[in-house]
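Structural overview for review
Residues per chain, in single letters:
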Amino acid sequence: MTDKPIQKKAKPKPNIRDWTICDATTLMLEKARRDGVETAFDRASTMKACPIGAESACCKHCAMGPCRLNAKDPYGKVGVCGATIDTIMSRNFARMVAAGCAAHTDHGMGMLDLFREVVNGHITDYQIKDTAKLHSVAQSIGIETEGRSDKDIALDLYDELERTYTQVEGEIPFAKRVPPKTLEMWRKHNIVPRGAMREIMDLMHRSHMGVDQDYENITKQSSRTALADGWGGSMVATEISDILYGTPSPVTVEVNMGVLKEDMVNIIVHGHEPNMFESMVMSVNEPSLVEEAKKAGANGINLAGMCCSGAEMMSRHGVPHAGNFMSTEAVICTGAVDAMCVDVQCIKQGLVEVSNCYGTELITTNPRCRIEGATHIEFSDHTPMECTDEVVIKAISRFKNRNKPIEIPQIRNTGIHGFSHEYINYMLGGSFRGSYTPLNDNIINGRIRGVAGVVGCTNPRVKQDYVHVELVKELIKNDVLVLQTGCSQVALAKYGFYTPEAAHLAGPGLQEVCETVGMPPCLGIGSCVDNSRILIAASEMVRVGGLGESIADLPAAGAAPEWMSEKAISIGQYFVASGVFTVFGVTFPIAKETKFHKLLFEGLEQQGLGKWGFESDPYEMAKLMINHIDKKRKALGIDKSRERVLMTMADRQKLDAA
Ligand code: XCC
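Residues numbered from 1 in each chain as written. Predicted model: local features only at pLDDT ≥ 70, side-chain atom pairs only at ≥ 80, totals over all residues. Heavy atoms only, no water.

Moving on, we get to the sheet that holds strand β13 (residues 556-560). In spatial order, the strands read β12-β11-β10-β13-β14-β15; together these six strands make up an open sheet with parallel pairing. Edge positions in the sheet fall to β12 (522-524) and β15 (612-614), since each of these pairs with one other strand and no more. On average, each strand axis in the sheet is tilted by 25° relative to the strand beside it, whichever way the strands run. In terms of strand pairing, strand β10 (residues 450-454) meets β13 through four bridges, oriented parallel. Paired with V454 across the strands is A559, a residue of β13. (Pairing = 2+ DSSP bridges. Helix = DSSP H or I, 4+ residues; strand = E, 2+ residues; numbered from the N terminus. Axes fitted to C-alpha atoms, helices over the stretch in contact; angles between N-to-C directions.)

Attention shifts here to the pairing of strand β5 (residues 301-306). Burial within β5 is extensive, with six of its six residues counted as buried. By the alternation rule, side chains of β5 split into I301, L303 and G305 and N302, A304 and M306, which are all buried. Looking at chain direction, strand β4 (residues 265-270) and β5 are connected through six bridges and run parallel. By the bridge assignment for β5, I268 is matched with A304. (Buried < 20%, exposed > 50% of the residue type's maximum accessible area, 1.4 Å probe, protein only.)

Further remarks concern the environment of V391. Among the secondary structure elements, V391 is positioned in helix α15 (residues 384-400). Residues V391 and I267, 124 residues apart in the sequence, show an inter-C-alpha distance of 8.6 Å. Excluding residues within four positions of it along the chain, V391 makes contact with M280, A339, C341, I363 and I377. (Contact = heavy atoms within 4.5 Å.)

On to the nonpolar core, then. The biggest cluster of nonpolar side chains holds 173 residues, and the ones touching the most others in it are F115, M280 and L475. Here this core gets 15 residues from one element, more than from any other, and that element is helix α4 (residues 85-119). Those residues in contact with F115, other than ones at most four positions away along the chain, are I128, L134, A154, L157, Y158, I240, I243 and L244. A40, C346, V352 and C487 belong to the second-largest nonpolar core, a separate cluster that totals 42 residues. (Core = buried A, V, L, I, M, F, W, Y, C linked by side-chain atoms within 4.5 Å.)

Here we take up the pattern of salt bridges. The full count for this structure, using the stated rule, is 40 salt bridges. Several salt bridges share partner residues, and in doing so they unite K133, R177, E239, D242, E312, R316, E422, D530 and R533 into one network. (Salt bridge = Lys/Arg side-chain N within 4 Å of Asp/Glu carboxyl O.)

Right, let's talk about the packing of aromatic side chains for a bit. Tallied over the entire structure, the rule returns 13 aromatic pairs. Aromatic side chains W186 and W231 sit 5.8 Å apart centroid to centroid with 75° between the ring planes, which places their arrangement in the edge-to-face category. Of this pair, W186 sits in helix α7 (residues 180-189) while W231 sits in helix α9 (residues 215-245), and the two are 45 residues apart along the sequence. W231 carries the same exposure label as W186, and that label is buried. Geometrically, the ring pair formed by F584 and W612 is edge-to-face, given 4.8 Å between the ring centres and 80° between the ring planes. Here the residue F584 occupies a position in strand β14 (residues 581-584), and W612 occupies one in strand β15, the gap between them amounting to 28 residues. Per residue, the accessibility class of F584 equals that of W612, and both read buried. An aromatic cluster is built from F93, W563, F584, F588, F596, F601 and W612, whose rings are joined through pairwise contacts. Geometry around F325 places K348 over its ring, the cationic atom sitting 4.0 Å from the centre. The ring of F581 has K611 sitting right over it, with the charged end atom 5.1 Å from the ring centre. (Phe/Tyr/Trp six-rings, centres within 6.5 Å; stacked < 30°, edge-to-face > 60°. Lys NZ or Arg CZ within 6 Å of the ring centre and 35° of its normal.)

What follows covers the side chain of H270. Inspection of the secondary structure assignment puts H270 in strand β4. On the accessibility criterion, H270 (0% relative accessible area) is buried. Ignoring any residue separated from it by four or fewer positions in sequence, one finds H270 in contact with M306, C307, S309, T328, M340, C341, V342, D343, Q345, C346, I347 and L351.

With that out of the way, let us pick up empty space enclosed by the protein. Summary: where empty space remains is shown by rolling a probe the size of a single water molecule over the atoms. All chains considered together, the criterion is met by five cavities of 30 Å³ or more. For the largest cavity, the calculated volume is near 380 Å³. In this structure, the largest cavity is lined by 36 residues; those nearest its centre are G453, V455, N531, I534 and F575. Elements with a contribution of two residues or more to the lining of the largest cavity: α12 (307-317), β10, α21 (531-544), β13, α22 (566-578) and β14. By residue class, the composition of the lining of the largest cavity is 26 nonpolar, nine polar and one charged. Lining the second largest cavity we find 13 residues, and of these C59, C62, C67, V80 and C81 sit closest to its centre. (1 Å grid on protein atoms, 1.4 Å probe; cavity = no way out; pocket = protein on both sides within 12 Å on 5 of 7 lines; lining within 4 Å. Points joined across faces, edges and corners; volume = space filled by probe spheres on them. Nonpolar A, V, L, I, M, F, W, Y, C, P; charged D, E, K, R; others polar.)

Below you can see the structure in the form of structure tokens.
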């Protein structure tokens, strides 16, 4: 034996083009590599996902374990307490739902706190901006508005909506908006949410060691909790934000990293709640601060959003958007971000390191979300500009002391965003006759095959944006109208899908509708809590008639092709429980060939709800969704009208004669 040292070959670096299709992100990841900076893409490529966790075959709810089962032989063994794979997986799943629901409902409750303080006159920096929305939301849950003052209506609305969170018995207020047939089904299964706090508490309790050990019963409570998110916490967040900040209507916006300006002080707000962002808009327009920026040699202050609060501000006010979740580290590599100001959710801890490398001020503002190594400037709804002014001052001083080369990818994509439910109603029916009737008619006559919600995150385990874009392309080509939120909306916006011209990418039927109305083939409606707008749109389609009696009857499907967060699981479960076929990409956190898997992927549909699907390939995913839409068309007896498009003249004459 010789003692020759083993020569280790240096592993070739992964190709950045395999990580993302976003050109700006690619450029910045290349720069990061040159600069020796590591991002989540690097970490994902060197850290394999835990195979046991990926299939949810691990239980760590007590100290007799953690117990590790074998997903390849799911019934080969049980945990120390005897818990089966179905119990373990459904409990893990339940806790993801609980965490996701908690995030959205905590956000919604924060909005409601602000609303109460505004109505009571304790907060004056914010006001009720949209009284029409105040009235319509109040009416939708049975509050009398005729001849009453806005303040009285608002006080009643607050009292009612507080029940969304705190009520211990009864149904949450927005259950009144659920189509009667769907609600009937929920009542039959006993899954109408009481209050979100109660449901989350119940779910956390029952998934504790030694409590609920019947996967079907656990899943019921998962549905109930998830519904408290979609029809509760998230819906309140959306509606109160509209009342306070205005209901979105179409607005032209620029997205992508080219929205940063080398000669200006650049501030990025990244996170989820609109309150701090709204205040930041005021701060960057504050004349004395603009003057300060100019004194520092800048041409002004430039504000952009990222992720969900970015998507919300983009859709509501036309604030430029710099990119989605997997671009938040990359954007800092431009060197041009003077401050990144964050609140809650989807804030990677890795941002601290990247910010340190480029001298960017990373500022946390929410007491729930502090990060070691970041500067914390606490935000309060009572004195909002104290925080946001200080952030601006910090950003100006960083601008003055910029000492790293700046490299901004000069890529900007312009599109139209801000299609709230209210605007869709108006757009289709006109101001005198606002209605979903034209949408339903076009679905019935087959011009539009169906409707799909394509939403959710980006995830370094798949090529950024690729699955979103290819899926949406397939859907619109097949005449499926696409509604979007969150990071998915931003993904598509970067590839030009938010222009009316994108209609030429759609099938002939959808194209005709888009051209008549002057709308893009995908409609961007905001952040992840704004998925509640999709629920409202679906309910309205049922109410208008001709497409069945419950949400489960609609020719519709949903997808989160690049999901990553627990919130996505909660959203998926509330869509499924509302009756929608919902397909996830990337991975599905349970083992196949199990009873729990069968329940989620088939059983729930047999109970009259929706069902889950999984597929990582965008084309196959589109196929699943379109097949489902066609199945629903057939059940409604409207599948024939679609075929007419393919008929010959002779066929048509025969049909007409008949
Ligand atoms: Fe987060 Fe909301 Fe997902 Fe984007 S889509 S990665 S949850 S920012 Ni909401």
